[in-house]
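The residues making up each chain are set out below.
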Amino acid sequence: MPAEYNNRGIRFQYPENWRVEEDDLWTGHHSVTVYSPEGAFWSVSIHPRDTDPQKLADAAVQAMRQEYDTLEVESSPITIGNRHLIGYEMNFFHLDLICTAQVHCVRTEQGTYVFFAQGWDREFEKHAAVFQAMTTSCLSYVKKLSYWD
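## Quick notes on helix H2 (residues 121-140)
(1) Moving on: Over its 20 residues, H2 extends 28 Å from the first C-alpha to the last, a length consistent with the 28 Å expected when each residue adds 1.5 Å.
(2) Moving on: The largest bend along H2 measures about 55° and falls at His127.
(3) Moving on: All of the buried residues along H2 are Glu123, Phe124, His127, Phe131, Met134, Thr135, Ser137, Cys138 and Leu139.

## Some words on the layout of surface pockets
(1) Moving on: Space inside the largest pocket adds up to approximately 360 Å³.
(2) Moving on: Every residue lining the largest pocket is counted, 20 residues in all, and those nearest its centre are Ser31, Ser43, Ser45, Val114 and Phe116.
(3) Moving on: When residues of the lining of the largest pocket are traced back to their parent elements, those giving at least two are strand S3 (19-23), strand S4 (31-35), strand S5 (41-47), helix H1 (53-67) and strand S10 (112-120).
(4) Moving on: Class assignment of the residues belonging to the lining of the largest pocket gives a composition of 11 nonpolar, six polar and three charged.

## Things to note about the environment of Pro77
(1) Moving on: Mapped onto the elements of the fold, Pro77 is located in the loop between strand S6 (72-75) and strand S7 (78-80).
(2) Moving on: Using a relative accessible area of 57% as the deciding quantity, one classes Pro77 as exposed.
(3) Moving on: Along the sequence, Pro77 and Tyr88 sit 11 residues apart, while their C-alpha atoms lie 6.9 Å from each other.
(4) Moving on: Not counting residues within four places of it along the chain, the set of residues in contact with Pro77 comprises Leu85 and Gly87.

## Considerations on the packing of aromatic side chains
(1) Moving on: According to the stated counting rule, one finds 10 aromatic pairs in the structure shown.
(2) Moving on: Centroid distance Phe12 to Trp42: 4.8 Å. Interplanar angle 65°. Geometry classified as edge-to-face. Taken together, the residues span a long stretch of sequence, with Phe12 in strand S2 (residues 10-14) and Trp42 in strand S5 at a distance of 30 residues. Accessibility assignment for this pair places Phe12 and Trp42 in one class, buried.
(3) Moving on: Through a chain of ring-to-ring contacts, the aromatic side chains of Tyr5, Phe12, Tyr14, Trp42, Tyr113 and Phe115 assemble into a single cluster.
(4) Moving on: Sitting over the ring of Tyr35, Arg19 keeps its end group 4.4 Å from the ring centre.

## Examining the pattern of salt bridges
(1) Moving on: Scanning the entire structure with this criterion turns up four salt bridges.
(2) Moving on: With a shortest N-O distance of 3.2 Å, Arg83 and Glu109 are connected by a salt bridge. One end of the pair, Arg83, is in strand S8 (residues 83-94); the other, Glu109, is in the loop between strand S9 (97-107) and S10, with 26 residues separating them in the sequence.

## Section: the environment of Trp42
(1) Moving on: Under the relative-accessibility criterion, Trp42 is labelled buried at 1%.
(2) Moving on: On a C-alpha basis, the gap between Trp42 and Gln132 in space is 9.5 Å, while along the polypeptide they are 90 residues apart.
(3) Moving on: Those residues in contact with Trp42 that sit more than four places away from it in its chain are Phe12, Val32, Thr33, Val34, Phe115, Phe116, Ala117, Phe131, Met134 and Thr135.
(4) Moving on: Within the local environment of Trp42, its side chain forms a polar contact with the backbone oxygen of Phe131, the two atoms lying 3.5 Å apart.
(5) Moving on: For Trp42, the side chain forms a polar contact with the side chain of Thr135, separated by 2.9 Å.

Reading the values: the criteria
Residue positions are given per chain, counted from 1 along the sequence in the order it is written. Local features in this predicted model are restricted to residues of pLDDT 70 or higher, and side-chain atom pairs are both shown and tallied only at a pLDDT of 80 or more, whereas totals for entire chains, interfaces and linings draw on every residue. As a convention, hydrogens and water are excluded, and side-chain values are obtained from all of the structure's heavy atoms. Secondary structure elements follow DSSP: runs of H or I of four or more residues count as helices, runs of E of two or more count as strands, with numbering from the N terminus. One less than the residue count of a helix, multiplied by 1.5 Å, gives the span that helix is expected to have. Think of it this way: the bend at a residue is just the angle between two axes, each fitted to seven residues, one set ending at that residue and the other starting at it. A 1.4 Å probe rolled over the protein chains alone gives each residue an accessible area, and that area as a share of the maximum for its type sets the label: buried under 20%, exposed over 50%, partly exposed in between. Cavities and pockets were defined on a 1 Å grid built over protein atoms only: a cavity is a set of grid points that admits a 1.4 Å probe from which the probe cannot escape, a pocket is an open set flanked by protein on both sides within 12 Å along at least five of seven lines, and lining residues are those with an atom within 4 Å of any such point. Grid points are joined across faces, edges and corners, and a volume is the space filled by probe spheres set on the points. Nonpolar residues are Ala, Val, Leu, Ile, Met, Phe, Trp, Tyr, Cys and Pro. Charged residues are Asp, Glu, Lys and Arg, and all others, Gly as well, are polar. We call two residues in contact when some of their heavy atoms are within 4.5 Å. Aromatic contacts are taken between Phe, Tyr and Trp rings whose centres are within 6.5 Å, Trp giving its six-membered ring; a plane angle under 30 degrees counts as stacked, one over 60 as edge-to-face, and the others as tilted. Our definition puts a charge over a ring when NZ of Lys or CZ of Arg is within 6 Å of the ring centre and also within 35 degrees of the ring normal. The term salt bridge refers to a side-chain nitrogen of Lys or Arg lying within 4 Å of a carboxyl oxygen of Asp or Glu. Whenever a nitrogen or oxygen atom comes within 3.5 Å of another N or O atom, the pair is scored as a polar contact, on the condition that within protein one atom can donate a hydrogen and the other can accept it, and that pairs from neighbouring residues in sequence are kept only if both atoms are in side chains.

Function cannot be read off these values alone, since they describe shape.
Rendered as structure tokens:
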């Protein structure tokens, strides 16, 4: 049975044996990170609605470039339901292992969401469907505004 996170505008289901950490003290926006038992992780953060999703995705790539000299980046847009997310897949070496990361961003009625997932290559492959399910779950709870809202 999956566990559910629901706090400050972020709601999603996740595997009950994964660890959750919240953070908004320094960033000024609410974010949640969920860690697999092996150390791979998925995170979501909400930014103001007028924040450009493309700029957030590009900023994530820039931050990764500063950290990893071997970073390879490929455009990776996805569609979940009727929402189109801009994003990138990134591959890099760390401690002689290949790592994979993905960032996907979307503007919704509630705000601009950033989804980030990362893990060693094998862990990432193992958990890719879980990362996708958590992103889908999170977006499924985002209320669509009606004309009257």
